[in-house]
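# Summary of the model geometry
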Amino acid sequence: MDFEQEKTVWVIGHRNPDTDSICAAIAYADLQNHLSETKYEPKRAGNLNEETKYVLRKFKAKAPDYVDDVRTQVKDIAFRRTIGVSSSISLKRAWEIMTTSNVVTLPIIDDHNEFTGLIVNNDIAESLMDVLDTKILAEARTPYQNMIETLNGTILVGNAHGLFITGKVIVAADSLPMAEENIEKDDLVILSDRESMQKCALKHNASCMVICGGTQVSKDIIAEAQDKECVIISTPYDTFTVSRLLMQSMPIKQCMRRRNLKKFDIEDYVDDVKEVMSKARHRDFPILDHDGNYVGMISRRNLLNMQKKRVVLVDHNERQQAVHGIDNADILGIIDHHKIGSLETPVPVMFRNQPVGCTSTIIYQMYQENGVEISKQIAGLLCSAIISDTLLFRSPTCTELDKMAATNLAKIAEIGLLERHAAEMFRAGSNFKSKTTEEICYQDFKTFTVGEIQFGVAQISAMGRNELDEVKERVLPYQTTMMEERGLNMVFIMLTDIFNESTELICMGEGADQAVERAFHKQKLNQGYRLRGVVSRKKQLIPELLDAIQQNLFGQGV
């Protein structure tokens, strides 16, 4: 197992990350890395919007890596690093490795560490029990080196790296007439110290002679064997032991499993692994990396030692906004400035929720409380997040604490005029020409639930009305797609004019118009509702919509 992975805590925002979600994750990870020996890493659960990209570029910050699911993966489990072996090693050597390693399965790899198959101890036992064919060693293309190792032998003539590829195995210990009758060209002959038998084997062009009992071999026999290219192996064992052990020198490729093997990728989710394991009869399963290279072995018992992903959530506390698989993660903490949502934890966690305009303001406070110096880069990110979330202090969610934090951070980051920096940020965010309609609609999108009604709210902000009018024509027909893709009953899109502090609200879905009209007492004009002074989704739109939808449901008897 990657023990660095075991120690790491991910800091992650919501699925459609805005500038605050990204900058808060980066800053909180930085703060904790100053305070804790545990490694904290910022992550993101969705694509970056253009405003956030601009901020990261300006302050030379690396974008957090993308994570789409925080369920437990194979790499989170303390799996076994069972050594991979070559398919050419002997059955005896494989059995020895299994015994010393206390495993019943060996993975088989090639010279490039790519997985090619596996062998189970039962495969070895069955292969030795069923041997009746005297040509099995040749059919298995058994290396002489395997025979030398298995028989504790010494090669006297020939190349130890050669292969026995034709002929049968024969024991010629006592009867010379029988040997004359049975030995054939290319056979492997097991012999005693009788030189007459050895000459008989050479006469019939045996390809290999195994001389038992540690007997001294004469110079004449060695010379003739060299002349006829016959391998000679000397072993201290007797003929009975040799004939029994020799079958164990076969390479494991002869009985290895190659087809229909169940194997897992290091990134596979444990939920999927459990399902596969429940339908498979064998005990151990190989783990591969992205390139098909062998990594280790996993069994059902290893699943008992799995460690959930450890996460800290920033800028949200709603399950439907959280990264996929959050119910299977170990939530260590939540830092947020929104209403208390639907996330539940099995044990108490660090939960910090304050009624301020931005999560990054809270994290600024945490730097101050812990006496940790804020770098120029982190200050720039936090300041930009506050500007973004409060629309340069225009949002009704903005507090004096947000203004104070942004002002102090701007000095550390050497930003200069906040108005100029804000204008550059908002201009980058409202450049819609290079974006797809999908990107525009989902760049700042959140879902909410009232009873059985689920609705989504997207906010699209720009510097002026002209840009919003252009984008409106693109997003109006896309609302149907949004409802279908996300399984929503209603969808609302805020077209927010930042500097004029107003929003045009467009919507779709059964009951959507009634909810807006009940909430804001407005009539639809040119396919939308003009809401002057409304710029905050969290404080000005969502509470009114939730109340109106609840009233509509109550009126329908729900």
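What you see is a predicted model, and the numbers here were worked out from it, not measured in a lab.

Thresholds applied
Residues numbered from 1 in each chain as written. Predicted model: local features only at pLDDT ≥ 70, side-chain atom pairs only at ≥ 80, totals over all residues. Heavy atoms only, no water. Helix = DSSP H or I, 4+ residues; strand = E, 2+ residues; numbered from the N terminus. Rg over C-alpha atoms; globule rule 2.2 N^0.38 Å. Buried < 20%, exposed > 50% of the residue type's maximum accessible area, 1.4 Å probe, protein only. Contact = heavy atoms within 4.5 Å. Areas by Shrake-Rupley, 256 points an atom, 1.4 Å probe, with all protein chains shown as cover. Lys, Arg positive; Asp, Glu negative; His and termini not counted. Charge placed at Lys NZ, Arg CZ, Asp CG, Glu CD. Axes fitted to C-alpha atoms, helices over the stretch in contact; angles between N-to-C directions. Parallel < 35°, antiparallel > 145°, perpendicular 65-115°, else oblique. Nonpolar A, V, L, I, M, F, W, Y, C, P; charged D, E, K, R; others polar. Core = buried A, V, L, I, M, F, W, Y, C linked by side-chain atoms within 4.5 Å. Arc of directions from axis to C-beta. Pairing = 2+ DSSP bridges. Patch = residues over 30% accessible without salt bridge, like charges linked within 9 Å, V, L, I, M, F, W, Y side chains within 5 Å. Salt bridge = Lys/Arg side-chain N within 4 Å of Asp/Glu carboxyl O. Left-handed = near helix turned anticlockwise from the far one by under 90°. Phe/Tyr/Trp six-rings, centres within 6.5 Å; stacked < 30°, edge-to-face > 60°. Lys NZ or Arg CZ within 6 Å of the ring centre and 35° of its normal.

Here the focus is the overall build of the protein. If you tally the helices and strands in the protein, you get 21 helices and 23 strands. Computed over the C-alpha atoms, the radius of gyration of the protein is 37 Å, more than 25% above the 24 Å expected from 2.2 N^0.38 for a compact globule of 558 residues. Each of the three principal axes of the protein carries a C-alpha extent, and together these read 115 × 55 × 45 Å. For the protein, the residues scored as buried account for 54% of the 558 residues in total. A fraction of 62% describes how many contacts in the protein between residues 6 or more apart in sequence connect residues 24 or more apart. Carbon and sulfur atoms make up 47% of the accessible area of the protein, which amounts to about 26000 Å² in all. Side-chain charges in the protein split into 65 positive and 78 negative, and the spacing between the mean points of these groups amounts to 2 Å.

Turning our attention to the packing of helix H9 (residues 195–203) against helix H10 (residues 219–227). Axis separation between H9 and H10 bottoms out at 10 Å; the angle between their running directions is 10 degrees. Regarding the angle of H9 to H10, the classification is roughly parallel. Across from Glu195, Gln198, Lys199 and Leu202 in H9, the residues of H10 making contact are Ile221, Glu224 and Ala225. Here the residues of the contact of H9 with H10 sort into 3 nonpolar, 1 polar and 3 charged.

Core analysis: the largest hydrophobic core is formed by 55 residues, its most contacted members being Tyr28, Tyr367 and Leu381. Listing elements by their share of this core, those giving two or more residues are strand E1 (9–12), helix H2 (19–35), helix H3 (50–58), strand E16 (310–314), helix H13 (359–370), helix H14 (376–390), helix H15 (400–413) and helix H16 (418–429). Here this core takes 9 residues from H2, the largest share from any one element. Setting aside residues no more than four positions away along its own chain, Leu381 makes contact with Cys23, Ile26, Val55, Leu56, Phe59 and Ala61. Core analysis: the next-biggest nonpolar cluster, separate from the first, contains 37 residues, Leu106, Ile119, Ile190 and Cys255 among them.

By secondary structure assignment, the location of Gln443 is in the loop between helix H17 (437–442) and strand E19 (445–450). On the basis of relative accessibility, which here comes to 12%, the residue Gln443 falls in the buried class. For Gln443, the residues in contact, after removing those within four places along its chain, are Asn16, Pro17, Asn49, Gly429, Phe432 and Lys435.

Attention now goes to helix H19 (residues 479–486). Looking only at H19, the buried set comprises Gln479, Met482 and Met483. On an axial view of H19, the arc spanned by its buried residues comes to 95 degrees, and they lie on one face. Gly487 lies just past H19 and shows a positive phi near 65 degrees.

This part takes up the sheet that holds strand E13 (residues 264–265). Taken together, 3 strands build an open sheet; the order of strands is E13-E14-E15 and the sheet is mixed. The open sheet terminates on both sides in strands that have one partner only, identified here as E13 and strand E15 (294–299).

The next point concerns the environment of Asn33. Along the chain, the position of Asn33 falls in helix H2. Discounting chain neighbours no more than four positions away, the residues touching Asn33 are Thr38, Lys39 and Tyr40.

A grouping of Glu438, Glu439, Glu484 and Glu485 is seen on the molecular surface, where their side chains present a negatively charged patch. If you list the elements that add at least two residues to the negative patch, you get H17 and H19. Mapping Glu438 onto the fold places it in helix H17.

Quick look at the pairing of E15 now. Extensive coverage of E15 is indicated by the burial of 6 of its 6 residues. Bridge analysis of strand E14 (residues 284–288) against E15 gives 5 bridges, and the strand direction is antiparallel. In the strand pairing of E15, Pro286 is matched with Met297. Hairpin connection from E14 to E15: 5 residues lie between these consecutive antiparallel strands, with Gly292 at a positive phi of about 85 degrees.

Turning our attention to the packing of H13 against H15. The geometry of H13 relative to H15 is characterised by a closest axis approach of 10 Å and an angle of 65 degrees between their N-to-C directions. Our classification of the angle between H13 and H15 gives roughly perpendicular. H13 and H15 meet at a crossing whose hand is left-handed. Between H13 and H15, the contacting residues are Thr361, Tyr364 and Gln365 on the first element and Leu401, Asp402, Met404, Ala405, Asn408 and Leu409 on the second. Here the residues of the contact of H13 with H15 are counted per class, giving 5 nonpolar, 3 polar and 1 charged.

We now examine the packing of aromatic side chains. Counted by the stated rule, this structure contains 7 aromatic pairs. Ring geometry for Tyr442 versus Phe445: centroids 5.2 Å apart, planes at 90 degrees, classification edge-to-face. Phe445 carries the same exposure label as Tyr442, and that label is buried. Members of the aromatic cluster, joined through ring pairs, are Tyr442, Phe445 and Tyr478. A cation over a ring is seen here: Lys58 above Phe59, with NZ or CZ 6.0 Å from the ring centre. The cationic tip of Arg486 hangs over the ring face of Tyr442; the distance from NZ or CZ to the ring centre is 4.0 Å.

Structural measurements only, silent on function.
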